[in-house]
2 protein chains.
Amino acid sequence: MGSKASRSLPAVRAAKPATILDVAAAAGVSRQTVTRAMNGMPGIKSSTRERVLELARELNYTPSRFARGLVQGSHVSVGLAIPDLGNPYYPAFASSVVEQATARGWHVVVDDFGHGGRSALDAVERLAPQVDAVIGYLGADADRALVLMSGRPLVALDFADEGFAGASIAFDYARAASAAVGYLRRQGRQRIVYIDWPGAGASTGTLDPLGRGLSVRGSAFAALLSDASPGTSTQSASPHSVVRAAGESAAAAKEAVEALLERSPDTDAVIAFNDLMAAGALKALAQAGRNVPVDCAVLGMDGIPLGELLTPELSTLGLDLREVGRTAVELLDGLLSGAIQPGTPEVRRVIRHELLLRGSA
Amino acid sequence: MGSKASRSLPAVRAAKPATILDVAAAAGVSRQTVTRAMNGMPGIKSSTRERVLELARELNYTPSRFARGLVQGSHVSVGLAIPDLGNPYYPAFASSVVEQATARGWHVVVDDFGHGGRSALDAVERLAPQVDAVIGYLGADADRALVLMSGRPLVALDFADEGFAGASIAFDYARAASAAVGYLRRQGRQRIVYIDWPGAGASTGTLDPLGRGLSVRGSAFAALLSDASPGTSTQSASPHSVVRAAGESAAAAKEAVEALLERSPDTDAVIAFNDLMAAGALKALAQAGRNVPVDCAVLGMDGIPLGELLTPELSTLGLDLREVGRTAVELLDGLLSGAIQPGTPEVRRVIRHELLLRGSA
DNA sequence: ATGAAAGCGCTAACAA
DNA sequence: TTGTTAGCGCTTTCAT
């Protein structure tokens, strides 16, 4: 190192990163020779290779993947925008997307926008210039995100807006809610409560019986649960049939259920926004000494593997996440190849939940 | 659509994707005008913009992100190679890496190589041409992976090989094992069994008392557990103190523990390879009617949030995954900027587990 | 074993 | 409002 200090290394690190020409100049060779050294190609004296590699290291040179990609031909690169890798639902979905994309030789760039107060729009904004297409849980930002993609394909998940010009995969919450509530009613459950997390879809403007914002799935349940007692007047029959948790976490759901049990000890069935929150409900019930499912049934939503590890095992409205991932990537594949045209009915898919009965209901 | 059928669209879709020149030619404008249309730039008649956009859609044109990146300046792009997004440990880690990378304006390309019989080396092979650096759980492939990176930074996790030329983050299993076994012995546990999964680190060649391959962490525990009964002869004192599960899953661990309880009903403490497998152990013990932790203690390894949702809550050797992610990205940052030199002691970090006592031990 | 030239597809700067 | 010119940094020929 010291012996070569006389070479013209810039005293202050240049703002611009070193290029192949900088290395070539420093080594006194042509850029092809640098290419040969960097890529371990034949036709270069090993002493030259060593010298070039050493210089490259000193100059902190990294070949530009853009220049290289430009000349060598690129892979498809897909952006995946998800709200929170810490919620087991999303990695389960991501896993399926990555698997399907990998099978096609694509790359997946993941942006978890759950940290630092970022929004789905931020994520797409960052992703858009660098990827060929985006798959994401974007909520109401989907419309604006589509603009950022300037014509490239976008698949919005859990999105059912009729006016949306991109591709979408929606979930049939009305049907899922009806299956769940029907099952619990047939069991003779009298006091069914849905634990909502209005953060995701509250922008839809649907309100619960008390006039508070509700998630999309929350409104599906609210509609069913409010109709429960036909004997009463115009006032909603079950004003407390929907409870709002403070966050999309087991801890928040646990607190909500604790408060609920305090207020309405006769609750005999709890349906949660998702499996993670159902796990919190399970904890609250266990702590309150309730026997699940005898005293109170618990139903989750998602069907993630976590449910099978809980005690009792979680009954849930399961989504086939591999199917969701496969559908998203297939949609993209069709859009990218031109086999599917945007604006046709083909780009709006609906996937159904299935009632998975395990131990908790 | 039909009215413009006479334009010279290729009858058969060309093998090569359309370029900006194809669109420009089709629209009878210059490429600059196409750029303006595609990127929503000003200085273009909106009728022209419409026409160009329409043509672009027909030709299925997508701007090359490489050409664009080349001219606009690139973000740093980091590859993240992980074995299985379905194991909650990895998304927890990935989440932290993505958060740290995002804060620096970097992109993260995730490759989950757990599907389709792919190896860590496959993952790096795919990633290498497209990223500036790689972080990964590569096991024994780390050495070969480094070659594929041709000089670009690589951070290998859970890797402690002395001869490794890249950066690495190792975990101090000897210390962790000693903390765990010491704690259980002080509790008076007599018959402590470690449930190994030799898939990951079996290549190190360490053998258990029965001569079978062991994971790195498995050997740390085997060493301690074999020394347990100093009264016996040269033959290993506790030949069954290490059990091997058939997979890195709760289900595999559950089966292993079921067999163990059959064979050694006096087992009063189980330590698992990781939290997921500990969850399986918990299920097996509950099913066998054992009271955890009274009859039998269970200790996991990882410290993922899942543990707190189990019944009883899982005691574990926790790793601060946010610290691990932060360290990996900091290492990369230093390497990329030249602030840290490869080959110095600075690139080999060690992170310690901490004994987290919750309900199960 | 090495070098020179050409061009990948795009956008910024400048003309018209 | 539109077109022209000049690269971005690299790898591929093809020469030497």
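Preceding this section is the structure that the text describes.
Let me sum up the structure you'll find in this document. This structure is a prediction, so every number in the text was calculated from the model and none was measured.

1. Looking at the protein's contact with DNA strand C
Then, number 1: Inspection of the region around DNA strand C gives 28 residues, with Gln-32 of chain A together with Ile-20, Arg-31, Gln-32 and Tyr-61 of chain B positioned closest.
Then, number 2: Counting only atoms of DNA strand C within 4 Å of the protein, the fraction found in sugar and phosphate groups is 54%.
Then, number 3: In this structure, a phosphate oxygen belonging to DNA strand C sits 2.8 Å away from a main-chain N or O atom of Lys-45 of chain A.
Then, number 4: Only helix 2 (31-38) and helix 4 (65-72) of chain A together with helix 2 (31-38) and helix 4 (65-72) of chain B provide two or more residues apiece to the surface near DNA strand C.
Then, number 5: Here the element with the most residues in the surface near DNA strand C is helix 4 of chain B; it accounts for 5 residues.
Then, number 6: Grouping the constituent residues of the surface near DNA strand C by class yields 11 nonpolar, 12 polar and 5 charged.

2. A few points about helix 1 (residues 20-27) of chain B
Residue and element names in this part refer to chain B.
Then, number 1: All of the buried residues along helix 1 are Val-23, Ala-24 and Ala-27. Projection of helix 1 onto a plane perpendicular to its axis shows the buried side chains occupying an angular sector of 100°, all on one side.
Then, number 2: Buried-residue contacts for helix 1 involve helix 2 and helix 3 (46-59).
Then, number 3: Where helix 1 starts, the residue carrying a side-chain oxygen 3.1 Å from the main-chain nitrogen of Leu-21 turns out to be Thr-19.
Then, number 4: Phi turns positive one or two residues past the end of helix 1, at Gly-28, with a value near 65°.

3. A closer look at the pairing of strand 3 (residues 133-136) of chain B
If a strand is regular, its side chains alternate between the two faces of the sheet.
Residue and element names in this part refer to chain B.
Then, number 1: Of the two faces of strand 3, the one lined by Ala-133 and Ile-135 and the one lined by Val-134 and Gly-136 are each fully buried.
Then, number 2: Pairing between strand 1 (residues 77-82) and strand 3: 4 bridges, direction parallel. When the sheet's bridge partners are listed, Gly-79 is paired in strand 3 with Val-134.
Then, number 3: In this view, the connection linking strand 3 to its parallel neighbour strand 4 (residues 154-157) by way of helix 7 (residues 142-148) has right-handed handedness.

Cut-offs applied
- Residues numbered from 1 in each chain as written.
- Chains lettered and ligands numbered in written order.
- Predicted model: local features only at pLDDT ≥ 70, side-chain atom pairs only at ≥ 80, totals over all residues.
- Heavy atoms only, no water.
- Near = heavy atom within 4 Å.
- Polar contact = N/O pair within 3.5 Å; in protein donor to acceptor, adjacent residues only side chain to side chain.
- Helix = DSSP H or I, 4+ residues; strand = E, 2+ residues; numbered from the N terminus.
- Nonpolar A, V, L, I, M, F, W, Y, C, P; charged D, E, K, R; others polar.
- Buried < 20%, exposed > 50% of the residue type's maximum accessible area, 1.4 Å probe, protein only.
- Arc of directions from axis to C-beta.
- Contact = heavy atoms within 4.5 Å.
- Pairing = 2+ DSSP bridges.
- Right-handed = clockwise from strand over helix to strand, strands pointing away.

Note that all results are geometric; they support no functional claim without further evidence.
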